[in-house]
Structure formats: C-alpha cells, structure tokens
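Residue-level structural notes
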Amino acid sequence: MLSIEFDIYLIDEGMPATNDVEFNRKAGDILRQRLQSSTVVIVSHMPQTLQKFCNSAAVLRDGKLHHFETLEEAKRMYDYQS
C-alpha cells in the first residue's frame, strides 16, 4: 500500500475491481483516509465510483471544463448513456 503521503493524488480510471476482497477493502480504506488530508482527483466514467468517493465534480465537454459544487449537478450535465 501507499507508504508515502502526497498533497495531491491523480487517479485515472484507477479503481479496478480485483477478486482480492481484502486488498479492495484496504485500498478503499487508504483512499478514504487520503481524502481527509489530501486533494484526490479521480477521472472516471463510472458513476458508482464517483458516488463512493466524490462530493464535487467537473465535466469535460466540448473542450471546456465545467466545475460543479455537487456530484448531482455534474451528473445532470454528463450523459452516462453515451
């Protein structure tokens, strides 16, 4: 696991589900811990991942970045069906 702490973490679709339940639990616990003291940027098209770890969001659409205070606002702009 991560033994070094950073101010900012960038995770690009980096939440693969493995069959190792214990590893997934530990990795999720570490991420939640880092969220308390660091900035974590998660790039994902998976709404369940974003709902689990995010409270604000941004949507990149037509070359423009739109920032939202809540995940619900971002979900209204982003079409998960496409």
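Everything discussed here concerns the structure shown above.
Keep in mind it's a predicted model, so treat the numbers as computed, not measured.

The rules behind each value
Residues numbered from 1 in each chain as written. Predicted model: local features only at pLDDT ≥ 70, side-chain atom pairs only at ≥ 80, totals over all residues. Heavy atoms only, no water. Buried < 20%, exposed > 50% of the residue type's maximum accessible area, 1.4 Å probe, protein only. Helix = DSSP H or I, 4+ residues; strand = E, 2+ residues; numbered from the N terminus. Pairing = 2+ DSSP bridges. Salt bridge = Lys/Arg side-chain N within 4 Å of Asp/Glu carboxyl O. Lys, Arg positive; Asp, Glu negative; His and termini not counted. Polar contact = N/O pair within 3.5 Å; in protein donor to acceptor, adjacent residues only side chain to side chain.

Here we take up the pairing of strand E1 (residues 8-12). Along E1, the buried face is formed by Tyr9 and Ile11; none of Ile8, Leu10 and Asp12, which line the opposite face, is buried. As paired strands, E1 and strand E2 (residues 39-43) are joined by five bridges and run parallel to one another. The residue of E2 that forms the bridge with Ile11 is Ile42.

A word on unusual backbone geometry. Here the phi dihedral of Asp62 falls at roughly 55°; this positive angle occurs in a residue that is not glycine. Structurally, the position occupied by Asp62 is in the loop between strand E3 (57-61) and strand E4 (64-68). Judged by relative accessible area, which is 74%, Asp62 ranks as exposed.

Next up on the list: the pattern of salt bridges. Side chains bearing opposite charge may pair, as long as their charged atoms lie close to each other. In this structure the tally under the stated criterion is three salt bridges. Here Asp29 and Arg25 are joined by a salt bridge, their closest N and O atoms 2.7 Å apart. Note that Asp29 and Arg25 are positioned in helix H1 (residues 21-37) at a spacing of four residues, about one turn of the helix. A residue is classified by how much of its surface remains accessible, and Arg25, at 42% relative accessible area, is partly exposed. Lys75 serves as the salt-bridge partner of Glu72, at 3.4 Å between the closest nitrogen and oxygen.

Attention shifts here to the side chain of Arg34. In this fold, Arg34 is placed in helix H1. Nearest to the buried, unbridged Arg34 among oppositely charged side chains is Glu5, at 4.3 Å. Of the polar contacts made by the side chain of Arg34, one reaches the side chain of Tyr9; its length is 2.8 Å.

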